[in-house]
Structures are given as C-alpha cells and as structure tokens.
Amino acid sequence: MFSFQEFTAFVQSLTPAIGATVRRHIGRVRTEYKADDSPVTCADREIEQHIVGAIEKHFPGGTIVGEESGTHAATERTADGAGSVEWIVDPIDGTKSFIHGVPLFATLIGVMTGGEAVYGAIYNPLLDELIVGDNRVALRNGVPTRMRECPSLGEATLLTTDILHVAQHRNLRTFLTLAERCRVMRTWGDAYGYSLLATGRADIMVDPIMSRWDIAAVIPVIRGAGGAITDYYGGDPAAGNSIVACPEALYDTVMATLNPPDGA
C-alpha cells in the first residue's frame, strides 16, 4: 500500500490538467443527461479519463471506480492481504454548478481498502485549493487545517446541497428544526461544502442522498480535520448513501435533532 505522501504528490500532479480542462469549458459546455437525470459534460469525461489513465500508469493493478466510466476490474492486495485497493473518482462533483459557471464544485479522489476510506482529496480548480486527508491529518495546499470550534448550534453554519433532496429522501421537518436552531443555513453544497467544513469556514454538512463517488474522498478529509462523519442515521459513511458531518462537540445534538427518539 502506498503512503499518504505518495497519494498527495500524485493528486498534485493531476491538478494542472484538471484546472486547464475546467477553465476551457466552464459555463459554456453542452450538457447531456444520464438515465438518472443527472447532468454530465465532456469536461467530466475528459477529467475522469485523465485521472484514470494516470492511476493505471502510476498505480497499476488497483480497482478504479469512476462516476462516468464505471469500474475497471483489477485487484491489488494490501500488504497484509486484508483487501483490495480501490480508487473512487468523481471528476466534477457539482456538475450543476459547473455548467452554470458557478465555482462551487470540485474533483474528488478517494482511496479505499478493506471497506475503509483511507485517503481523500478535494480539489477546487478555480480556487486552486487542494485539501487532502488520511483520517488523522488534513492539509490545505500543504498546510495543516482543522474544523473550527463551534460549541453550540446557535453559532453554527449549516450547509446542504439541495433542500429538495431532504424532502424527497429524509424527514424535512426535523431538518428544518436543525436549520432554525443554527445561526446560518446555506446551500453551499456538493464537495465545496466539505472543503468549507475542513478549513473552518462552516460547521455542519447534511447530505440526505449521495453516491459512492461522492462519499469516499470526504471521509478521510473530515476526520483528518477533526470532525465527525457518519451516514444520516449514525452508521458507517463508507457503506451508506448519505452524510452528516460536523465538529465532534456538535455531533450528538445534530443527530438527535435530525433523528429524534419520538420520530417527530
């Protein structure tokens, strides 16, 4: 298994091409829609092709799961044989923002082994901001970063990607209760929201429905920045389809508000 330093250096080597592709296409790209009605562009495909090709060259044998290209079946055993190494790639997380020229999107690259998310990267090409984490530390452009201290909901900034998703998939009433108890609520969502948490610019992120490629990279970043992260009901985020992330000090209160014992 390669080191966190090797992972970080590898992701850094990808950023110039990602940035060039984004700047060439943002806000003026033709959009297609997939079977699930989610948007995709040629930029998504170009970036993913670049990342996948680089992984295959520098880390041959690993399984690659790409949002646009699917799974590239292969196996690379960890040193102790505990499980295969998987790369989880989302070339543009926040494509709806990207196609409108709104800079609230990022490239996500995660590494998993034995069912655990071990390394993650969030790269915002327009800000040239790379945040990486390994569950113990998080680095923002090479400098350690932490979630900010937030002792109460009344001081917290709450983020979600799309409030309609809450209504469609979870309990909207309890989410609105949480929002009412926070100082600020904004839809600075997708991967950008997790970068705000990890760098101390927001406090709580609630995403009621997510795919595997949305989740894997953010887990090691949030944990590395000192935060708590689970699925919507407190389960393993790597095995779930939703995320709640916040400072450890707020976690119990956030979860009790979203999932009250009486189910209200």
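Quick note: structure is the one above.
Remember, predicted model here, so these are calculated numbers, not experimental data. (Residues numbered from 1 in each chain as written. Predicted model: local features only at pLDDT ≥ 70, side-chain atom pairs only at ≥ 80, totals over all residues. Heavy atoms only, no water.)

K.L.:
Explain the layout of surface pockets to me, please; I cannot follow it from the model alone.
P.N.:
Rolled over the atoms, a probe sized like a water molecule indicates the empty space that remains. Of the voids in this model, the largest pocket is the one considered here, and its volume is about 820 Å³. If you trace the largest pocket, you find 30 residues lining it, with Ser-38, Lys-96, His-165, Asp-190 and Asp-214 closest to the centre. Among the elements of the structure, strand S5 (85-93), helix H3 (95-99), helix H6 (190-198) and helix H7 (212-215) are those that each provide at least two residues to the lining of the largest pocket. Class assignment of the residues belonging to the lining of the largest pocket gives a composition of eight nonpolar, nine polar and 13 charged. (1 Å grid on protein atoms, 1.4 Å probe; cavity = no way out; pocket = protein on both sides within 12 Å on 5 of 7 lines; lining within 4 Å. Points joined across faces, edges and corners; volume = space filled by probe spheres on them. Helix = DSSP H or I, 4+ residues; strand = E, 2+ residues; numbered from the N terminus. Nonpolar A, V, L, I, M, F, W, Y, C, P; charged D, E, K, R; others polar.)

K.L.:
Hey, could you run me through the packing of aromatic side chains in this one?
P.N.:
The geometry of two aromatic rings is summed up by the distance between their centres and the angle between their planes. Counted under the stated rule, the structure contains 11 aromatic pairs. Here the aromatic rings of Phe-98 and Phe-105 are separated by 5.3 Å at their centres, their planes lie at 80 degrees, and the arrangement is edge-to-face. Neither residue differs from the other here; Phe-98 and Phe-105 are each classed as buried. When the centroid spacing of 5.6 Å and the interplanar angle of 65 degrees are considered together, the rings of Tyr-232 and Tyr-233 count as edge-to-face. Here Tyr-233 falls in the exposed class, since its relative accessible area comes to 53%. Pairwise contacts between aromatic rings join Phe-2, Phe-4, Phe-7, Phe-10, Phe-59, Trp-87 and Tyr-119 into one cluster. Lying over the aromatic face of Tyr-232, Arg-170 brings its terminal NZ or CZ to 5.4 Å of the ring centre. (Phe/Tyr/Trp six-rings, centres within 6.5 Å; stacked < 30°, edge-to-face > 60°. Buried < 20%, exposed > 50% of the residue type's maximum accessible area, 1.4 Å probe, protein only. Lys NZ or Arg CZ within 6 Å of the ring centre and 35° of its normal.)

K.L.:
Can you help me understand the pattern of salt bridges in this one?
P.N.:
Inspection of every chain in the model, using the stated rule, returns seven salt bridges. Here Glu-32 ties to Arg-45 by a salt bridge, and the two come within 3.2 Å at their closest N and O atoms. With Glu-32 in strand S1 (residues 31-33) and Arg-45 in helix H2 (residues 42-58), the pair connects residues that are 13 residues apart, well separated along the chain. Overall, Glu-32 belongs to the partly exposed group, its relative accessible area being 30%. (Salt bridge = Lys/Arg side-chain N within 4 Å of Asp/Glu carboxyl O.)

Any functional reading would require information that these geometric values do not contain.
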